[in-house]
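Okay, here's what each chain looks like letter by letter:
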Amino acid sequence: TQLLEQSPQFLSIQEGENLTVYCNSSSVFSSLQWYRQEPGEGPVLLVTVVTGGEVKKLKRLTFQFGDARKDSSLHITAAQPGDTGLYLCALQGAQKLVFGQGTRLTINP
Amino acid sequence: DAGVIQSPRHEVTEMGQEVTLRCKPISGHDYLFWYRQTMMRGLELLIYFNNNVPIDDSGMPEDRFSAKMPNASFSTLKIQPSEPRDSAVYFCASSRTMNTEAFFGQGTRLTVV
């Protein structure tokens, strides 16, 4: 059983559309990180959310941490081909950084 | 700093052979992690070190896998003997503390035939 569930697993949309991907856990976590991974590279940190209900913005990306600190979402506005990649959420708990399986996002020109 | 450096980038080996993957973490980072990534299982934590000491190796799949960190600037992950199901991308990452950003290397793509 995955500690972290990400959905959808795959998403392919047209440039300019909006999208939301989700990260859910049955456990409360102290903090959650979102990473993006491009082909042939390692994951790169986008943001860390710590406080329940917290919202962080990174240009066209909006990250939200659920009030109960068991879920998080990533919303992308006006998606661009450069947003294509694997988006991973990672949970910090029990002295480990554990990753979800990711959402593979493709933005078509 | 050049970031986390892994070698080799690609490795193709025959079943039964020994494979050694190498990692140089970012200087000053106290934590080093080894992950394995496959399409089926995603990114799995194999083992991590704090100040060169292995802390949690519960993710190491079997005794064929071993990892060492002889000093703060070098770690190895060894598979002996290798099997086709070990084929994956192996990532090394380092961080200053447990709760700060983990910086990943570019990975080693291992293919066991």
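These numbers were taken from a predicted model, which means no experiment stands behind them.

A.B. asks: An account of the overall build of chain B is needed here, citing residue identities and associated values.
C.D. replies: In terms of helices and strands, chain B carries zero helices and eleven strands. Across chain B, helices and strands are ordered from the amino to the carboxyl terminus as β-β-β-β-β-β-β-β-β-β-β. The C-alpha atoms of chain B give a radius of gyration of 13 Å, which matches the 13 Å a tight globule of 113 residues would have. Here the analysis covers contacts within chain B between residues at least 6 apart in sequence; of these, 54% occur between residues at least 24 apart. Carbon and sulfur atoms form 50% of the exposed surface of chain B, whose accessible area is close to 5600 Å². Put simply, chain B has 11 plus and 13 minus side-chain charges, and the middle of one group is 4 Å from the middle of the other.

A.B. asks: Hey, could you go over the side chain of B:Ser82 for me, with residue numbers and the actual values?
C.D. replies: All names here are of chain B. Among the secondary structure elements, serine 82 is positioned in the loop between strand E8 (74-79) and strand E9 (88-95). By relative accessible area, serine 82 is classed as buried at 1%. There is a polar contact of 2.7 Å between the side chain of serine 82 and the backbone oxygen of glutamine 17.

A.B. asks: Give me the side chain of A:Ser25: which residues, what numbers.
C.D. replies: Residue and element names in this part refer to chain A. Mapped onto the fold, serine 25 is located in strand E3 (residues 19-25). On the accessibility criterion, serine 25 (10% relative accessible area) is buried. Looking at serine 25, its side chain comes within polar contact range of the main-chain nitrogen of serine 27, at 3.0 Å.

A.B. asks: Lay out the sheet that holds E3(A) in plain terms, naming residues and giving numbers.
C.D. replies: Residues and elements named next belong to chain A. Pairing is antiparallel across the open sheet formed by five strands, whose spatial order is E1-E3-E8-E7-E6. What marks the edges here is a single partner per strand, and that holds for strand E1 (4-7) and strand E6 (55-58). Taken pair by pair, the neighbouring strands of this sheet meet at an average axis angle of 15°, ignoring direction. Inspection of the sheet shows strand E7 (residues 61-65) paired to strand E8 (residues 71-76) by five bridges, in the antiparallel sense. When the bridges of E8 are listed, threonine 62 appears paired with histidine 75.

A.B. asks: Could you give me a rundown of the nonpolar core, with the residues and numbers involved?
C.D. replies: Of all hydrophobic cores here, the largest spans 22 residues; its most connected members are A:Leu19, A:Leu32, A:Trp34, A:Phe63, A:Leu74 and A:Ile76. Looking at this core, the elements that each hand over two or more residues are E3, strand E4 (31-37), strand E5 (44-49), E7, E8, strand E9 (85-93) and strand E11 (103-108) of chain A. B:Phe65, B:Ile79, B:Tyr90 and B:Cys92 belong to the second-largest nonpolar core, a separate cluster that totals 21 residues.

A.B. asks: So what's going on with unusual backbone geometry? Which residues, and what values?
C.D. replies: Residues B:Ser7 and B:Pro8 are joined by a peptide bond in cis, for which omega reads -10°. Locating B:Pro8 in the fold gives a position in the loop between strand E1 (5-7) and strand E2 (10-13). Cis geometry marks the peptide bond from B:Gln80 to B:Pro81, where omega comes out at -5°. For A:Arg69, which is not glycine, the phi dihedral falls at a positive 55°.

A.B. asks: Tell me about the interface of chain B and chain A, and please be specific about residues and values.
C.D. replies: Facing 22 residues of chain B, the contacting portion of chain A comprises 18 residues. Carbon and sulfur atoms make up 48% of the area that chain B and chain A hide from each other, which totals about 1600 Å². Across the contact surface, chain B and chain A share zero salt bridges. Inspection of the chain B/chain A interface yields six residue pairs in polar contact (both at pLDDT 80 or more). Of all elements in the fold, only strand E4 (31-38) and strand E5 (42-50) of chain B reach the threshold of two or more residues within the side of chain B that touches chain A. At four residues, the largest contribution of residues to the side of chain B that touches chain A is made by E5(B). For the side of chain B that touches chain A, the per-class residue count stands at eleven nonpolar, seven polar and four charged.

A.B. asks: Hey, could you go over the sheet that holds E8(B) for me, with residue numbers and the actual values?
C.D. replies: Residues and elements named next belong to chain B. Taken together, four strands build an open sheet; the order of strands is E1-E3-E8-E7 and the sheet is antiparallel. Of all the strands in the sheet, just E1 and strand E7 (65-71) have a single pairing partner and so form its edges. Averaged over neighbouring strand pairs, the angle between their axes works out to 15° when direction is ignored.

The rules behind these values
Residues numbered from 1 in each chain as written. Chains lettered and ligands numbered in written order. Predicted model: local features only at pLDDT ≥ 70, side-chain atom pairs only at ≥ 80, totals over all residues. Heavy atoms only, no water. Helix = DSSP H or I, 4+ residues; strand = E, 2+ residues; numbered from the N terminus. Rg over C-alpha atoms; globule rule 2.2 N^0.38 Å. Contact = heavy atoms within 4.5 Å. Areas by Shrake-Rupley, 256 points an atom, 1.4 Å probe, with all protein chains shown as cover. Lys, Arg positive; Asp, Glu negative; His and termini not counted. Charge placed at Lys NZ, Arg CZ, Asp CG, Glu CD. Buried < 20%, exposed > 50% of the residue type's maximum accessible area, 1.4 Å probe, protein only. Polar contact = N/O pair within 3.5 Å; in protein donor to acceptor, adjacent residues only side chain to side chain. Pairing = 2+ DSSP bridges. Axes fitted to C-alpha atoms, helices over the stretch in contact; angles between N-to-C directions. Core = buried A, V, L, I, M, F, W, Y, C linked by side-chain atoms within 4.5 Å. Buried area = accessible area lost by both parts, 1.4 Å probe. Salt bridge = Lys/Arg side-chain N within 4 Å of Asp/Glu carboxyl O. Nonpolar A, V, L, I, M, F, W, Y, C, P; charged D, E, K, R; others polar.

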